[in-house]
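The chain contents come next:
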Amino acid sequence: MLEIKNLNSWYGESHILHGVDFNVQEGEVVTLLGRNGAGKTTTMKSIMGLVPRREGSIKFKGAELINLMPNQVARSGIAICPEERAIFGSLTVTENLMLPPVIAPGGLSIDEIYTLFPNLKERARTAQGTRLSGGEQQMLAIARILRTGSKMLLLDEPTEGLAPVIVQQIGRTIREIKKRGFTVLLVEQNFRFAATVADRHYVMEHGKVIDMIPNDQLAANMDKLHEYLGV
Amino acid sequence: MMMILGVPAPLLFGQVLLGLINGAFYALLSLGLAVIFGMLNIINFAHGALFMMGAFCSWMLLNYVGIGYFPALFLAPLIIGIFGLVLEKTIISRLYKLDHLYGLLLTFGMALVIEGLFRNAYGSSGMPYRIPDMLQGATNLGFMYMPNYRGWVVLVAVIVCLATWAIIEKTPLGAKLRAATENAPMVQAFGVNVPRLITFTYAGGVALAAFAGVLAAPILSVNPNMGTSLITTVFAVVVIGGMGSIMGSVVTGFGLGVIEGLTKVFWPEASATVVFLVMVIVLLTRPRGLFGKSA
């Protein structure tokens, strides 16, 4: 569904990605693992077109995205939940939820979203999106892209800095949307969490993908993974 | 005759009304500036020239095409708005990646060019624009006579300001604008065509200026310098209200108009200065303006 070949990205003079290759099949949950600065978030931003300069090939359902603007990438059916969550303080919670335009049929309805995230329903009248707790903001950031009908979701560290009970809720959400046929590319620092939701794991280092480990072989590759991640 | 604070009541109320009229222009113009600044991060120095173009457009519509005041209230903002759209698309949009200072210099230059062209074509003496028949005359309010046209200007300006505020604060389109003001790349990554949104925001701000120009045509004489004299005060209003604040620019616009009017009653010599005095005081005590958000 998503096929990335020899992806290179730059921020000004700094060359961040040095030829990233990987692919994601339809219906899969795939993670990018790696240490801080390995290029995971930059890979996500590069797919969306949110970096100043990129080269290589990003094919989505067979169509080349490398030269498209971020709004065109989004319209092709990819949605991002960024690491910084990007909840808007000048918008109410409901306005935040309704902000991304629906780009295709098949997204979750508001009722379905409120069933998945009951907290959001309670907080729907909150005047400023940024008044929500960190966990609620994260749920809002995921919820708003489930509405859009995009079936390929990029989730950048959705569990970062959150309490275990909320991490579990996000885990349940990812498994639920996988069941509904969504495809997920997930950036994670926490591979124990990643192991509970993902089919495959790509390991990144120094702006490249250096290994791929299927989830069912994770236990056998623990030593290698510890070495990669330096944990 | 009734006296208030040692001043004849009709004089006092007359100046308050004049203040409200000036305030209406301040509010409409600073509103457009605030909307444009919020989205483009550009201080639109061409705003006064575009206000003048609005007045000229209504004058031309009347004298060349025979289209009267009320249709011009819609047509002139539309025409000048399209002109603004072309300006943004062809010239201003090239500067977004540079320092804000370049946008300021560019729009300042555009103002000089536009005003120069109109001075060449029409001279600087100014041309009259007749108040439409329906709004001729004055109404006795009991405490004073109010010229109907002036009451109309205040009324319409308040309605347009409130409508603009409602669009920005209460509609889905406004939510997109506010979100793009906060974090444009993210809004674009949701599939919103942000460059187009920016173009239409600029055109909208320009249309507001042109609308104010049409309202002003029967009051001020239609001349190439009419924007320049107004815009200096409008920039002070924007600074006092707080850059980018919608309600702030409306309230400050009307408020300062009234303060200016009242100063004319009690200390006429200071009336041209009082706005700038307020600006100094506000900048010293609240550098972000009365309604500006803290960083």
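Draft legend 1. How the structure looks around the interface of chain A and chain B. Contact residues are listed per partner, giving 21 residues for chain A and 17 residues for chain B. Summed over both partners, the interface of chain A with chain B buries about 1600 Å², with 66% contributed by carbon and sulfur atoms. The largest contributions to the chain A side of the interface with chain B come from A:Asn71, A:Phe88 and A:Leu99, which together make up 32% of the buried area. A salt bridge links A:Glu95 to B:Arg178, with the shortest nitrogen-to-oxygen separation between them at 2.8 Å. Linking chain A with chain B are six residue pairs in polar contact (both at pLDDT 80 or more). Of all the secondary structure elements, the ones that give two or more residues to the side of chain A that touches chain B are helix H2 (70-75) and helix H6 (134-146) of chain A.

Draft legend 2. Quick look at the pattern of salt bridges. Residues and elements named next belong to chain A. Here the structure, examined in full by the defined rule, presents eleven salt bridges over all chains. Linking Arg180 and Glu176 is a salt bridge whose minimum nitrogen-to-oxygen distance equals 3.0 Å. Here Asp211 ties to Lys224 by a salt bridge, and the two come within 3.1 Å at their closest N and O atoms. You can see Asp211 sitting in strand S10 (residues 208-214) and its partner Lys224 sitting in helix H9 (residues 222-229), a full 13 residues away along the chain.

Draft legend 3. Representation of the side chain of B:Thr199 within the structure. Residue and element names in this part refer to chain B. As for its position among the elements, Thr199 is in helix H7 (residues 194-216). For Thr199, a relative accessible area of 4% corresponds to the buried category. Apart from the residues lying within four places of it in its own chain, the contact partners of Thr199 are Leu85, Glu88 and Lys89.

Draft legend 4. Here's a closer look at the sheet that holds strand S4 (residues 53-60) of chain A. Residue and element names in this part refer to chain A. Reading across from one edge, S2-S1-S4-S5 is the order of the four strands in this open sheet, with antiparallel pairing throughout. Of all the strands in the sheet, the pair left with one neighbour each is strand S2 (14-24) and strand S5 (63-64). Bridging between strand S1 (residues 2-11) and S2 involves eight bridges; their strand directions are antiparallel. Its bridge partner being in S2, Trp10 is matched across the sheet by His15.

Calculation criteria
Residues numbered from 1 in each chain as written. Chains lettered and ligands numbered in written order. Predicted model: local features only at pLDDT ≥ 70, side-chain atom pairs only at ≥ 80, totals over all residues. Heavy atoms only, no water. Contact = heavy atoms within 4.5 Å. Buried area = accessible area lost by both parts, 1.4 Å probe. Salt bridge = Lys/Arg side-chain N within 4 Å of Asp/Glu carboxyl O. Polar contact = N/O pair within 3.5 Å; in protein donor to acceptor, adjacent residues only side chain to side chain. Helix = DSSP H or I, 4+ residues; strand = E, 2+ residues; numbered from the N terminus. Buried < 20%, exposed > 50% of the residue type's maximum accessible area, 1.4 Å probe, protein only. Pairing = 2+ DSSP bridges.

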